[in-house]
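Descriptive structure summary
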Amino acid sequence: MGLADLTRDAVLAAIAEHDRLGREPFLNHYGFGPARLYDLVHEGRRYDSKAIAGVAHRYATGTVLKPFSGGEQTVVPRLEGLGFTVERRGEVPSPRQPQEIAGLQHACQAILDLAAHYSKDSTPEMADRDARSKELAGVFKTLVGPLSEELGLGDLDVRVQTGGRQANYSPVPWVRLYSKQHSPTAMEGFYLVYLFAADGSRFYLSLNQGTSEYRSGAMRPVNDRSVLLSRAAEARRRLEDFGEALPDATSRLTLDLAWSSLTSVGRESKVRIRNYEDGNIAARLYESGQVPTDRQLLGDIATMLPLLACLYGSVARPEIAAGIPEEQGDAGDDIVKIAKRARGRAQGRQLDPVARKAIEVHAEDIAESYLQERDWSVKRVGPLNRGYDLECWHPDGRRLHVEVKGTQSLGEEIVLTPNEVRHNQLAEGCEAEHALYVVSNIQLRRTPAVQAFGGEGRCIWPWVIDTEALTPTKYAYRPPSQEKPE
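Just so you know, these numbers come straight off a predicted model, no measurement behind them. In this convention, every chain numbers its residues from 1, walking through the sequence in written order. Only residues with pLDDT of 70 or above have their local features reported here, since the model is predicted, and side-chain atom pairs are shown and tallied only from 80 upward, although totals for entire chains, interfaces and linings are computed over all residues. Side-chain numbers here rest on the full set of heavy atoms in the structure, without hydrogens or water.

A few points about the overall build of the chain
Filter applied, for reference: Runs of E in the DSSP output that reach at least two residues are strands. Runs of H or I that reach at least four are helices, and both are numbered from the N terminus. Between buried and exposed lies partly exposed: a residue is buried under 20% and exposed over 50% of the maximum accessible area for its type, with that area taken using a 1.4 Å probe on protein chains only. Here a residue-residue contact requires only that any non-hydrogen atoms of the pair lie within 4.5 Å. Only the protein chains shown count as cover for residues, with accessible areas throughout obtained via the Shrake-Rupley method and a probe of 1.4 Å.
From N to C terminus, the chain includes 12 helices and 17 strands. Residues counted as buried form 46% of the 486 residues belonging to the chain. In the chain, the proportion of contacts linking residues at least 24 apart, taken out of those at least 6 apart, comes to 65%. When the accessible surface of the chain is split by element, carbon and sulfur atoms take 50% of a total near 24300 Å².

Printed below as a string of structure tokens:
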């Protein structure tokens, strides 16, 4: 057995163990000394090449390989052959690979890996989790300011804060981006936050909100879930009013932070975690082991920051700088290019009336085909404001009223008008059956004209609105015409 037995997965496993233990404990545990000549460089971090190779041999074969000599003739070519970068100590670092900026991917995966070692008490693993969270925050502090400037949002003065510990450690660590003026604490206002699931299976970039309230003389988790759900739904409507669309069909409204089966935390901690889920406005999901590159992660932040700015009341839309060459440049060039792409995607998602109409008609086309295949005759009555879109008749004498909703999102939430709700709630007095047909993941093509295509349809039939799932977001109010006398 020798270095020929190494695999890339084994090397990555050794690197992950190194990151969990820390350099000195790792070397001491396996009896290796520091590398004298060559470092393995992975995602912006440097590792003792021989130690990593020796421990990787254990992951590949079950036996640690040591001692051995001739790193330049053995370790270096083997690690490079597996696709890793090895650098001689003291030489000028090689140019960054296109997927690397500053270590976002590495820090996020390290936090996920530490979930298996969770303890509410201070342990070496929890100290390591703190260190990884601070490492992630440090990367944000370096990159988010310049990115905000390129997006025209420098006036937000975006700050960074880590969390996940009250008196004891929480199983859900987080790192948030926020404006001190608009969200001075994590208990109030809106912010962007990385939320790491308790079981280490995933994390989210979430556009979220403060989830606490002043109660019994202190700030405590909100108990009434409808409060957070209503605020989140209202925020999504506000973004639509600003002309902003949620990121795209991958944007999620529901989170799963894997907290329900926890036995080592108290009720208040569980409520706090559940509130993170309820407070979500829109989120990106990242699975453990499949964390995107630094550029992709930063690009998602660039996509979400303008949404946060809209909720703060900032709607500035300056042009992003142009003319940056596509070849690899320094970090500043990376940030400009990421900002340009993010703004381009956002502009493509803004739903003008023509696009909204195209989505509506396309959804009705799909619903109509679905019903006709089942021998229903269909008439479109949406413009008549009856509280439904399709009026249908079956040869057996049945009648059906269908409300149709089309969306570019996953379809986790739809908007109903008061008239549509009223009609559904009067179903018992209606001679027709009621159904809801939702077409999600619709795509748009804007050249030469706006066209909607694709989508996934699902039919809820019979459809009776569950009032607990109905979230009011707006009220029409007529103030008194005269002031009251003093």
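Things to note about unusual backbone geometry
Note that the residue after Trp461, namely Pro462, is joined by a cis bond; omega there is 0°. Within the secondary structure, Pro462 sits in the segment after β17 (456-460). A positive phi angle, near 60°, is found at Asn441, a position not held by glycine.

Examining the packing of aromatic side chains
For clarity, the threshold we go by: Geometry of aromatic contacts follows a simple scheme: Phe, Tyr and Trp rings, the Trp one being its six-membered ring, pair when their centres are within 6.5 Å, and the pair is stacked under 30 degrees between planes, edge-to-face over 60, tilted otherwise. Definition used: whenever NZ (Lys) or CZ (Arg) falls within 6 Å of the ring centre and also within 35 degrees of the ring normal, the charge is taken to sit over that ring.
For the structure shown, the criterion picks out 8 aromatic pairs. An angle of 90° between the planes, with centres 6.3 Å apart, marks the rings of Tyr194 and Phe196 as edge-to-face. Residue Tyr194 shares its accessibility class with Phe196, and that shared class is buried. In this structure, Arg58 packs its charged tip against the face of Tyr59, placed 4.6 Å from the ring centre. Just above the ring of Tyr178 sits the side chain of Arg176; from NZ or CZ to the centre is 3.7 Å.

Observations concerning the environment of Ala283
The residue Ala283 is located in strand β10 (residues 282-287) in this model. A relative accessible area of 0% places Ala283 in the buried class. Separated by 75 residues in the primary sequence, Ala283 and Asn208 have C-alpha atoms spaced 8.4 Å apart.

Examining the sheet that holds strand β7 (residues 202-209)
Here is the rule we go by: Between any two strands, pairing holds if DSSP finds at least two bridges. Fitting a line to C-alpha atoms yields each axis, with helices limited to the stretch in contact; the angle taken between N-to-C directions then spans 0 to 180 degrees.
The strand order β4-β5-β6-β7-β10 describes an open sheet built from 5 strands, whose pairing is antiparallel. Only two strands of the sheet have a single partner each, and these edge strands are β4 (158-165) and β10. Neighbour-to-neighbour, the strand axes of this sheet turn through a mean angle of 20°, independent of strand direction. Across 7 bridges, the pairing between β4 and strand β5 (residues 169-179) is antiparallel. Paired with Arg165 across the strands is Tyr169, a residue of β5. Along the sheet face, helix α8 (residues 267-278) touches β5, β6 (190-196) and β7 and points at about 40° away from the line of β5. Of the strands in this sheet, β4, β5, β6, β7 and β10 are in contact with helix α9 (residues 294-312), which crosses β6 at around 145°.

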